[in-house]
Amino acid sequence: MIQKDIIIIGAGPAGCTAAIYASRSGFDCALIGGSVPGGQLLYTNSIENFPGATGAPSGFELIDRIHKQTAQLGIEIIRDNADRLELDKPPYVATLAGGQQYCAPIVIVATGANARWLGLASEEKFRGHGVSSCATCDGFFQKGRDVCVIGGGNTALEDAIFLTKFVNKVYLVHRRYEFRADEILVAAAKANPKIELALDSVPVEFTGADALDGLKVKNIKTGAERTLACSGAFVAIGTIPNINLVKGQLELDTENYIRADAHCRTSKDGVFAAGDVMDPYYRQAVIAAASGARAAIAAGHYLQNLASRCPAKQP
Ligand code: NAP
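Residues numbered from 1 in each chain as written. Predicted model: local features only at pLDDT ≥ 70, side-chain atom pairs only at ≥ 80, totals over all residues. Heavy atoms only, no water.

Teacher, can you tell me more about the site of the ligand here?
Near the ligand, the surroundings consist of 19 residues, among which Asn154, Thr155, Glu158, Arg176 and Arg180 are the closest. Between Gly153 and the ligand, the recorded distance is 3.2 Å, taken from a backbone N or O atom to an oxygen atom. One of the side-chain nitrogen or oxygen atoms of Tyr281 is found 3.1 Å away from a nitrogen atom of the ligand. Taking 920 Å² as the accessible area of the ligand by itself, protein coverage stands at 78%. (Near = heavy atom within 4 Å. Polar contact = N/O pair within 3.5 Å; in protein donor to acceptor, adjacent residues only side chain to side chain. Areas by Shrake-Rupley, 256 points an atom, 1.4 Å probe, with all protein chains shown as cover.)

As C-alpha coordinates, this is what we get:
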(Lines give C-alpha, C1' and ligand atoms only; values in the text may rest on other atoms or scores of the structure.)
Protein backbone atom coordinates (compact mmCIF):
# COMPACT_ATOMS: atom_id res chain seq x y z
CA MET A 1 0.00 0.00 0.00
CA ILE A 2 1.49 3.34 -1.09
CA GLN A 3 0.65 6.29 1.17
CA LYS A 4 -0.03 9.69 -0.38
CA ASP A 5 -1.46 13.03 0.75
CA ILE A 6 -4.02 13.13 -2.06
CA ILE A 7 -5.36 10.57 -4.50
CA ILE A 8 -6.63 12.18 -7.72
CA ILE A 9 -8.65 9.99 -10.04
CA GLY A 10 -8.81 11.15 -13.64
CA ALA A 11 -6.16 12.86 -15.76
CA GLY A 12 -8.30 15.12 -17.92
CA PRO A 13 -8.12 18.90 -17.45
CA ALA A 14 -9.78 18.73 -14.00
CA GLY A 15 -7.58 15.99 -12.51
CA CYS A 16 -4.35 17.36 -14.02
CA THR A 17 -5.04 20.90 -12.84
CA ALA A 18 -5.84 19.57 -9.37
CA ALA A 19 -2.51 17.70 -9.43
CA ILE A 20 -0.60 20.79 -10.60
CA TYR A 21 -2.06 22.95 -7.82
CA ALA A 22 -1.70 20.28 -5.13
CA SER A 23 1.86 19.40 -5.99
CA ARG A 24 2.89 23.07 -6.18
CA SER A 25 1.49 23.38 -2.64
CA GLY A 26 3.82 20.61 -1.55
CA PHE A 27 1.35 17.73 -1.41
CA ASP A 28 2.33 14.27 -2.55
CA CYS A 29 -0.30 13.12 -5.07
CA ALA A 30 -1.17 9.90 -6.82
CA LEU A 31 -2.66 10.94 -10.17
CA ILE A 32 -4.49 7.91 -11.50
CA GLY A 33 -5.19 8.50 -15.18
CA GLY A 34 -6.64 5.23 -16.44
CA SER A 35 -5.14 3.19 -19.26
CA VAL A 36 -5.71 6.01 -21.80
CA PRO A 37 -5.44 9.24 -19.79
CA GLY A 38 -7.06 12.41 -21.08
CA GLY A 39 -10.83 12.07 -21.09
CA GLN A 40 -13.13 13.68 -23.64
CA LEU A 41 -10.44 16.05 -24.94
CA LEU A 42 -8.85 13.08 -26.67
CA TYR A 43 -11.80 13.06 -29.06
CA THR A 44 -12.13 16.80 -29.67
CA ASN A 45 -11.16 18.07 -33.08
CA SER A 46 -9.78 21.48 -32.44
CA ILE A 47 -9.66 23.80 -29.44
CA GLU A 48 -9.95 27.52 -29.94
CA ASN A 49 -11.54 28.51 -26.66
CA PHE A 50 -8.96 27.46 -24.06
CA PRO A 51 -7.03 30.58 -23.00
CA GLY A 52 -3.40 30.41 -24.01
CA ALA A 53 -3.87 27.42 -26.30
CA THR A 54 -3.06 29.34 -29.46
CA GLY A 55 -2.82 27.74 -32.89
CA ALA A 56 -6.06 25.75 -32.53
CA PRO A 57 -4.50 22.55 -31.14
CA SER A 58 -6.51 19.36 -31.31
CA GLY A 59 -7.95 18.15 -28.01
CA PHE A 60 -5.30 15.44 -28.09
CA GLU A 61 -2.51 18.03 -28.44
CA LEU A 62 -3.93 20.17 -25.65
CA ILE A 63 -4.18 17.32 -23.16
CA ASP A 64 -0.72 16.17 -24.24
CA ARG A 65 0.63 19.64 -23.37
CA ILE A 66 -1.15 19.47 -20.01
CA HIS A 67 0.33 16.02 -19.35
CA LYS A 68 3.81 17.36 -20.24
CA GLN A 69 3.27 20.19 -17.76
CA THR A 70 2.40 17.71 -15.00
CA ALA A 71 5.51 15.68 -15.89
CA GLN A 72 7.68 18.81 -15.66
CA LEU A 73 6.41 19.26 -12.12
CA GLY A 74 7.47 15.71 -11.29
CA ILE A 75 3.92 14.34 -11.24
CA GLU A 76 3.66 10.86 -12.69
CA ILE A 77 0.39 9.91 -14.36
CA ILE A 78 -0.37 6.36 -13.27
CA ARG A 79 -1.56 4.61 -16.43
CA ASP A 80 -3.93 2.12 -14.91
CA ASN A 81 -7.62 2.06 -14.12
CA ALA A 82 -8.85 2.49 -10.58
CA ASP A 83 -11.04 -0.59 -10.09
CA ARG A 84 -12.17 0.14 -6.54
CA LEU A 85 -12.35 3.16 -4.27
CA GLU A 86 -13.06 2.59 -0.58
CA LEU A 87 -14.54 5.68 1.01
CA ASP A 88 -15.90 4.20 4.28
CA LYS A 89 -13.48 6.09 6.45
CA PRO A 90 -10.10 7.76 5.97
CA PRO A 91 -7.51 6.90 4.93
CA TYR A 92 -9.34 6.21 1.67
CA VAL A 93 -8.02 3.43 -0.53
CA ALA A 94 -7.86 3.17 -4.33
CA THR A 95 -7.14 -0.23 -5.83
CA LEU A 96 -5.92 -0.35 -9.41
CA ALA A 97 -6.64 -3.00 -12.02
CA GLY A 98 -3.02 -4.10 -11.73
CA GLY A 99 -3.47 -4.66 -7.97
CA GLN A 100 -1.47 -1.67 -6.70
CA GLN A 101 -3.14 0.17 -3.81
CA TYR A 102 -2.88 3.82 -2.78
CA CYS A 103 -4.22 5.35 0.41
CA ALA A 104 -4.69 8.98 1.43
CA PRO A 105 -6.83 11.13 3.72
CA ILE A 106 -8.01 13.10 0.66
CA VAL A 107 -9.50 12.00 -2.66
CA ILE A 108 -10.33 14.23 -5.62
CA VAL A 109 -12.70 12.49 -8.01
CA ALA A 110 -12.26 13.88 -11.54
CA THR A 111 -13.49 10.95 -13.61
CA GLY A 112 -15.37 13.11 -16.11
CA ALA A 113 -18.40 12.31 -18.19
CA ASN A 114 -18.99 10.94 -21.62
CA ALA A 115 -21.34 12.31 -24.22
CA ARG A 116 -24.39 10.16 -24.69
CA TRP A 117 -24.37 8.91 -28.28
CA LEU A 118 -27.15 7.54 -30.43
CA GLY A 119 -25.35 4.25 -30.90
CA LEU A 120 -25.55 4.09 -34.70
CA ALA A 121 -22.68 2.43 -36.57
CA SER A 122 -22.58 5.38 -38.98
CA GLU A 123 -22.28 7.75 -36.01
CA GLU A 124 -19.09 5.97 -34.97
CA LYS A 125 -17.78 6.25 -38.55
CA PHE A 126 -18.20 10.03 -38.71
CA ARG A 127 -17.33 10.93 -35.11
CA GLY A 128 -14.69 13.65 -35.27
CA HIS A 129 -15.31 13.90 -39.05
CA GLY A 130 -18.57 15.83 -39.11
CA VAL A 131 -20.38 14.29 -36.16
CA SER A 132 -19.63 16.01 -32.87
CA SER A 133 -21.07 16.31 -29.39
CA CYS A 134 -19.79 19.85 -28.84
CA ALA A 135 -21.26 22.70 -30.86
CA THR A 136 -19.29 25.19 -28.80
CA CYS A 137 -16.05 23.50 -29.85
CA ASP A 138 -16.75 22.43 -33.42
CA GLY A 139 -19.57 24.70 -34.64
CA PHE A 140 -17.28 27.29 -36.15
CA PHE A 141 -15.90 24.76 -38.63
CA GLN A 142 -19.35 24.51 -40.22
CA LYS A 143 -19.44 28.19 -41.18
CA GLY A 144 -21.88 28.85 -44.05
CA ARG A 145 -23.02 25.21 -44.21
CA ASP A 146 -26.11 23.21 -43.26
CA VAL A 147 -26.03 21.16 -40.06
CA CYS A 148 -28.26 18.98 -37.89
CA VAL A 149 -28.65 19.19 -34.13
CA ILE A 150 -30.14 16.15 -32.45
CA GLY A 151 -32.00 16.41 -29.14
CA GLY A 152 -34.81 18.30 -27.49
CA GLY A 153 -33.27 19.49 -24.22
CA ASN A 154 -31.73 22.82 -23.30
CA THR A 155 -28.35 21.88 -24.75
CA ALA A 156 -29.80 20.98 -28.16
CA LEU A 157 -31.88 24.16 -28.31
CA GLU A 158 -28.97 26.34 -27.18
CA ASP A 159 -26.66 24.60 -29.64
CA ALA A 160 -29.10 25.12 -32.50
CA ILE A 161 -29.50 28.83 -31.71
CA PHE A 162 -25.74 29.26 -31.20
CA LEU A 163 -24.94 27.58 -34.52
CA THR A 164 -27.17 29.98 -36.46
CA LYS A 165 -24.46 32.60 -35.86
CA PHE A 166 -22.19 30.80 -38.35
CA VAL A 167 -24.11 28.25 -40.33
CA ASN A 168 -26.56 28.60 -43.18
CA LYS A 169 -29.24 26.34 -41.74
CA VAL A 170 -29.89 24.10 -38.73
CA TYR A 171 -32.22 21.09 -38.80
CA LEU A 172 -33.29 20.47 -35.22
CA VAL A 173 -34.08 16.78 -35.02
CA HIS A 174 -36.08 15.66 -32.01
CA ARG A 175 -37.72 12.31 -31.32
CA ARG A 176 -40.90 13.85 -29.88
CA TYR A 177 -43.24 16.70 -30.79
CA GLU A 178 -42.85 18.44 -27.41
CA PHE A 179 -39.49 19.76 -26.24
CA ARG A 180 -37.96 19.11 -22.85
CA ALA A 181 -36.09 22.44 -23.10
CA ASP A 182 -37.19 25.65 -21.41
CA GLU A 183 -40.04 27.44 -23.18
CA ILE A 184 -37.98 30.56 -23.76
CA LEU A 185 -35.42 28.58 -25.76
CA VAL A 186 -38.13 26.73 -27.67
CA ALA A 187 -39.76 30.05 -28.60
CA ALA A 188 -36.42 31.50 -29.69
CA ALA A 189 -35.64 28.45 -31.82
CA LYS A 190 -39.07 28.47 -33.44
CA ALA A 191 -38.72 32.17 -34.24
CA ASN A 192 -35.28 31.73 -35.79
CA PRO A 193 -35.53 31.66 -39.60
CA LYS A 194 -32.36 29.56 -39.89
CA ILE A 195 -33.81 26.70 -37.80
CA GLU A 196 -36.04 24.07 -39.35
CA LEU A 197 -37.70 21.62 -36.96
CA ALA A 198 -37.75 17.91 -37.73
CA LEU A 199 -40.04 16.64 -34.97
CA ASP A 200 -41.22 13.13 -34.10
CA SER A 201 -38.08 12.12 -35.94
CA VAL A 202 -35.39 9.64 -34.99
CA PRO A 203 -31.98 9.50 -36.64
CA VAL A 204 -31.53 6.34 -38.68
CA GLU A 205 -28.18 6.82 -40.41
CA PHE A 206 -25.46 9.38 -40.99
CA THR A 207 -24.70 9.26 -44.71
CA GLY A 208 -21.72 10.05 -46.91
CA ALA A 209 -18.74 8.36 -48.52
CA ASP A 210 -15.70 9.91 -46.83
CA ALA A 211 -17.28 13.12 -45.59
CA LEU A 212 -20.66 13.46 -43.93
CA ASP A 213 -23.32 14.63 -46.38
CA GLY A 214 -26.60 13.90 -44.65
CA LEU A 215 -28.67 12.48 -41.83
CA LYS A 216 -31.43 10.04 -42.65
CA VAL A 217 -34.33 10.41 -40.22
CA LYS A 218 -37.54 8.47 -39.75
CA ASN A 219 -40.83 10.03 -38.70
CA ILE A 220 -42.11 7.82 -35.87
CA LYS A 221 -45.75 8.66 -36.58
CA THR A 222 -45.81 8.13 -40.33
CA GLY A 223 -42.82 5.82 -40.77
CA ALA A 224 -41.63 8.07 -43.62
CA GLU A 225 -37.88 8.41 -44.08
CA ARG A 226 -36.00 11.35 -45.56
CA THR A 227 -32.42 12.55 -45.66
CA LEU A 228 -31.50 15.98 -44.36
CA ALA A 229 -28.49 17.26 -46.30
CA CYS A 230 -25.81 18.42 -43.87
CA SER A 231 -22.03 18.52 -43.51
CA GLY A 232 -22.09 18.58 -39.73
CA ALA A 233 -24.25 16.99 -37.05
CA PHE A 234 -24.26 17.76 -33.34
CA VAL A 235 -25.55 15.08 -31.02
CA ALA A 236 -26.93 16.81 -27.91
CA ILE A 237 -28.83 14.08 -26.12
CA GLY A 238 -27.21 14.45 -22.71
CA THR A 239 -24.07 13.16 -21.01
CA ILE A 240 -23.31 10.26 -18.72
CA PRO A 241 -21.09 11.00 -15.70
CA ASN A 242 -18.51 8.36 -14.81
CA ILE A 243 -19.60 7.53 -11.28
CA ASN A 244 -19.02 3.77 -11.07
CA LEU A 245 -16.28 4.15 -8.46
CA VAL A 246 -18.35 6.29 -6.10
CA LYS A 247 -21.89 5.01 -6.66
CA GLY A 248 -23.48 4.23 -3.29
CA GLN A 249 -20.66 6.07 -1.45
CA LEU A 250 -21.22 9.72 -2.39
CA GLU A 251 -24.42 11.69 -2.75
CA LEU A 252 -25.44 12.11 -6.39
CA ASP A 253 -27.98 14.48 -7.93
CA THR A 254 -31.08 13.36 -9.78
CA GLU A 255 -29.06 12.92 -12.98
CA ASN A 256 -26.27 10.92 -11.27
CA TYR A 257 -23.70 13.72 -11.14
CA ILE A 258 -21.72 13.94 -7.89
CA ARG A 259 -23.25 16.52 -5.60
CA ALA A 260 -20.56 19.03 -4.64
CA ASP A 261 -20.57 22.55 -3.22
CA ALA A 262 -18.75 25.66 -4.46
CA HIS A 263 -15.53 24.34 -2.87
CA CYS A 264 -15.94 21.00 -4.66
CA ARG A 265 -16.69 19.26 -1.33
CA THR A 266 -18.83 16.16 -1.65
CA SER A 267 -21.08 14.50 0.93
CA LYS A 268 -18.00 12.83 2.49
CA ASP A 269 -15.33 14.69 4.48
CA GLY A 270 -12.05 14.82 2.60
CA VAL A 271 -13.56 13.72 -0.71
CA PHE A 272 -13.75 16.38 -3.42
CA ALA A 273 -15.14 16.25 -6.94
CA ALA A 274 -14.01 18.29 -9.93
CA GLY A 275 -14.86 18.63 -13.60
CA ASP A 276 -17.62 17.09 -15.65
CA VAL A 277 -18.41 14.35 -13.11
CA MET A 278 -19.95 17.05 -10.91
CA ASP A 279 -21.05 19.49 -13.61
CA PRO A 280 -24.04 18.59 -15.77
CA TYR A 281 -24.23 22.09 -17.14
CA TYR A 282 -21.12 23.74 -18.59
CA ARG A 283 -18.98 20.81 -19.76
CA GLN A 284 -16.04 22.86 -21.01
CA ALA A 285 -12.37 21.99 -20.58
CA VAL A 286 -11.56 25.40 -19.16
CA ILE A 287 -14.29 25.07 -16.55
CA ALA A 288 -13.19 21.55 -15.65
CA ALA A 289 -9.63 22.85 -15.22
CA ALA A 290 -10.83 25.67 -13.00
CA SER A 291 -12.82 23.31 -10.81
CA GLY A 292 -9.74 21.09 -10.49
CA ALA A 293 -7.85 24.11 -9.14
CA ARG A 294 -10.68 24.86 -6.70
CA ALA A 295 -10.78 21.26 -5.48
CA ALA A 296 -7.01 21.20 -4.91
CA ILE A 297 -7.00 24.51 -3.01
CA ALA A 298 -9.97 23.41 -0.87
CA ALA A 299 -8.35 20.01 -0.31
CA GLY A 300 -5.13 21.74 0.78
CA HIS A 301 -7.01 23.82 3.35
CA TYR A 302 -8.79 20.70 4.58
CA LEU A 303 -5.50 18.82 4.94
CA GLN A 304 -3.88 21.72 6.82
CA ASN A 305 -6.86 21.81 9.24
CA LEU A 306 -6.55 18.08 9.77
CA ALA A 307 -2.85 18.47 10.55
CA SER A 308 -3.49 21.25 13.06
CA ARG A 309 -6.23 19.23 14.79
CA CYS A 310 -4.06 16.09 14.93
CA PRO A 311 -0.44 17.26 15.20
CA ALA A 312 2.16 14.68 14.32
CA LYS A 313 3.49 12.79 17.34
CA GLN A 314 6.87 14.01 18.58
CA PRO A 315 9.52 11.29 18.80
P1 NAP B 1 -31.40 16.49 -21.36
O2 NAP B 1 -32.13 17.58 -20.69
O3 NAP B 1 -31.32 15.16 -20.70
O4 NAP B 1 -32.05 16.31 -22.81
C5 NAP B 1 -31.65 15.28 -23.64
C6 NAP B 1 -32.53 15.32 -24.89
O7 NAP B 1 -32.07 14.32 -25.77
C8 NAP B 1 -34.01 15.08 -24.62
O9 NAP B 1 -34.80 15.90 -25.39
C10 NAP B 1 -34.18 13.61 -25.02
O11 NAP B 1 -35.45 13.34 -25.58
C12 NAP B 1 -33.16 13.46 -26.12
N13 NAP B 1 -32.65 12.11 -26.17
C14 NAP B 1 -32.12 11.37 -25.16
N15 NAP B 1 -31.73 10.17 -25.62
C16 NAP B 1 -32.02 10.15 -26.95
C17 NAP B 1 -31.86 9.19 -27.97
N18 NAP B 1 -31.29 8.00 -27.74
N19 NAP B 1 -32.28 9.50 -29.21
C20 NAP B 1 -32.84 10.70 -29.50
N21 NAP B 1 -33.01 11.66 -28.56
C22 NAP B 1 -32.61 11.39 -27.31
O23 NAP B 1 -29.85 16.88 -21.68
P24 NAP B 1 -29.21 18.32 -21.96
O25 NAP B 1 -30.02 19.08 -22.91
O26 NAP B 1 -27.79 18.06 -22.29
O27 NAP B 1 -29.27 19.05 -20.55
C28 NAP B 1 -28.63 18.47 -19.41
C29 NAP B 1 -28.90 19.36 -18.19
O30 NAP B 1 -28.24 20.63 -18.34
C31 NAP B 1 -30.39 19.66 -18.03
O32 NAP B 1 -30.68 19.72 -16.67
C33 NAP B 1 -30.52 21.02 -18.66
O34 NAP B 1 -31.63 21.76 -18.17
C35 NAP B 1 -29.19 21.67 -18.27
N36 NAP B 1 -28.87 22.74 -19.21
C37 NAP B 1 -29.46 23.95 -19.00
C38 NAP B 1 -29.22 24.97 -19.87
C39 NAP B 1 -29.89 26.29 -19.62
O40 NAP B 1 -30.68 26.39 -18.70
N41 NAP B 1 -29.60 27.32 -20.41
C42 NAP B 1 -28.38 24.79 -20.97
C43 NAP B 1 -27.82 23.52 -21.18
C44 NAP B 1 -28.08 22.50 -20.29
P45 NAP B 1 -36.77 13.32 -24.68
O46 NAP B 1 -37.07 14.73 -24.37
O47 NAP B 1 -37.76 12.64 -25.57
O48 NAP B 1 -36.42 12.50 -23.47
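Before we go on, may I ask you to explain the packing of aromatic side chains in this structure?
Geometry of an aromatic ring pair is reported as the spacing of the ring centres plus the angle between the planes. Under the counting rule described, the total for this entry stands at 4 aromatic pairs. Measuring from ring centre to ring centre gives 5.2 Å for Phe162 and Phe166, while their planes differ by 80°; the resulting arrangement is edge-to-face. Arranged with centres 6.2 Å apart and planes meeting at 75°, the rings of Phe272 and Tyr302 form a pair that is edge-to-face. With Phe272 in strand S19 (residues 271-273) and Tyr302 in helix H7 (residues 285-309), this pair connects stretches of sequence that are 30 residues apart. The structure contains a cluster of three or more aromatic residues connected by ring pairs, namely Phe140, Phe162 and Phe166. (Phe/Tyr/Trp six-rings, centres within 6.5 Å; stacked < 30°, edge-to-face > 60°. Helix = DSSP H or I, 4+ residues; strand = E, 2+ residues; numbered from the N terminus.)

Just checking my understanding: could you explain the state of the cysteines for this structure?
As used here, a disulfide is simply a covalent bond connecting the sulfur atoms of two cysteines. Counted according to the given criterion, the structure contains 1 disulfide. Each sulfur of the disulfide joining Cys134 and Cys137 lies 2.0 Å from the other. The sign of the S-S torsion, about 70°, decides the handedness of the disulfide formed by Cys134 and Cys137: right-handed. Residue Cys134 shares its accessibility class with Cys137, and that shared class is buried. Summary of cysteine pairing: Cys103 is not part of a disulfide, and the nearest cysteine sulfur, belonging to Cys29, is at 14 Å. (Disulfide = S-S within 2.5 Å. Buried < 20%, exposed > 50% of the residue type's maximum accessible area, 1.4 Å probe, protein only.)

Just to check I follow, could you spell out the packing of helix H1 (residues 13-24) against helix H2 (residues 59-72) for this structure?
The geometry of a pair of packed helices is captured by two quantities: the angle between their axes and the separation between those axes. Viewed as axis vectors pointing N to C, H1 and H2 meet at an angle of 20°, and their least axial separation amounts to 10 Å. Relative to H2, the element H1 lies roughly parallel. In this structure, H1 meets H2 at a crossing whose hand is left-handed. On H2, the residues that touch Pro13, Cys16 and Ile20 of H1 are Ile63, Ile66, His67, Gln69 and Thr70. Of the residues in the contact of H1 with H2, the class split is 5 nonpolar, 3 polar and no charged. (Axes fitted to C-alpha atoms, helices over the stretch in contact; angles between N-to-C directions. Parallel < 35°, antiparallel > 145°, perpendicular 65-115°, else oblique. Left-handed = near helix turned anticlockwise from the far one by under 90°. Contact = heavy atoms within 4.5 Å. Nonpolar A, V, L, I, M, F, W, Y, C, P; charged D, E, K, R; others polar.)

How do you make sense of the pairing of strand S12 (residues 169-173) when you look at a structure like this?
Within a regular strand, the side chains alternate between the two sheet faces. In terms of burial, S12 is a largely internal element, 4 of the 5 residues being buried. Where strand S11 (residues 146-150) and S12 come together, 5 bridges link them in parallel fashion. What sits directly across from Asp146, in S12, is Lys169. Handedness of the crossover is the feature at issue here: the chain leaves S11, passes through helix H5 (residues 154-163), returns alongside S12, and the resulting connection is right-handed. Strand direction decides the pairing type here: S12 and strand S13 (residues 195-198), joined by 4 bridges, are parallel. Paired with Leu172 across the strands is Leu197, a residue of S13. Traced from S12 through helix H6 (residues 183-191) to S13, the parallel crossover comes out right-handed. (Pairing = 2+ DSSP bridges. Right-handed = clockwise from strand over helix to strand, strands pointing away.)

What is the right way to look at H1 in this model?
An α-helical segment advances 3.6 residues per turn. Residues three or four places apart therefore align on the same side. Spanning 12 residues, H1 covers 16 Å between terminal C-alpha atoms, matching the ideal 16 Å at 1.5 Å per step. Burial within H1 is extensive, with 9 of its 12 residues counted as buried. What H1 keeps buried is the set Pro13, Ala14, Gly15, Cys16, Thr17, Ala18, Ala19, Ile20 and Ala22. The first or second residue beyond H1 is Gly26, which carries a positive phi of 90°. (Expected span 1.5 Å × (residues − 1).)

Explain the packing of H5 against H6 to me, please; I cannot follow it from the model alone.
Contact geometry of H5 with H6 gives a least axis separation of 10 Å together with a crossing angle of 35°. The handedness of the crossing between H5 and H6 is left-handed. For the pair H5 and H6, the contacting residues are Asn154, Leu157, Glu158 and Ile161 in the first and Leu185, Val186, Ala188 and Ala189 in the second. Of the residues in the contact of H5 with H6, the class split is 6 nonpolar, 1 polar and 1 charged.

When you look at the side chain of Thr70 in this model, what are you seeing that I'm missing?
The residue Thr70 is located in helix H2 in this model. A polar side-chain atom of Thr70 sits 2.6 Å from the main-chain carbonyl oxygen of His67.

I'm lost on the pairing of strand S16 (residues 225-229) in this one. Help?
Here 5 bridges tie strand S15 (residues 214-219) to S16, and the two strands are oriented antiparallel to one another. Bridge assignment links Lys216 to a residue of S16, and that residue is Thr227. Between S15 and S16, which follow one another and run antiparallel, lie 5 residues, and Gly223 among them has a positive phi close to 80°.

How should the pattern of salt bridges be read in this particular structure?
Any two side chains of opposite charge can pair, so long as their charged atoms come close to each other. Counted according to the given criterion, the structure contains 10 salt bridges. The residue Arg127 makes a salt bridge to Glu124 at a minimum N-O spacing of 3.8 Å. Judged by its relative accessible area of 54%, Glu124 is exposed. As a salt-bridge pair, Glu196 and Arg226 come within 4.0 Å of each other at their nearest N and O atoms. Taken together, the residues Glu196 in strand S13 and Arg226 in strand S16 connect sequence positions 30 residues apart. Residue classification places Arg226 among the partly exposed residues on the basis of a relative accessible area of 39%. Overlapping salt bridges, with partners in common, bring together Lys169, Glu196 and Arg226 in one network. (Salt bridge = Lys/Arg side-chain N within 4 Å of Asp/Glu carboxyl O.)

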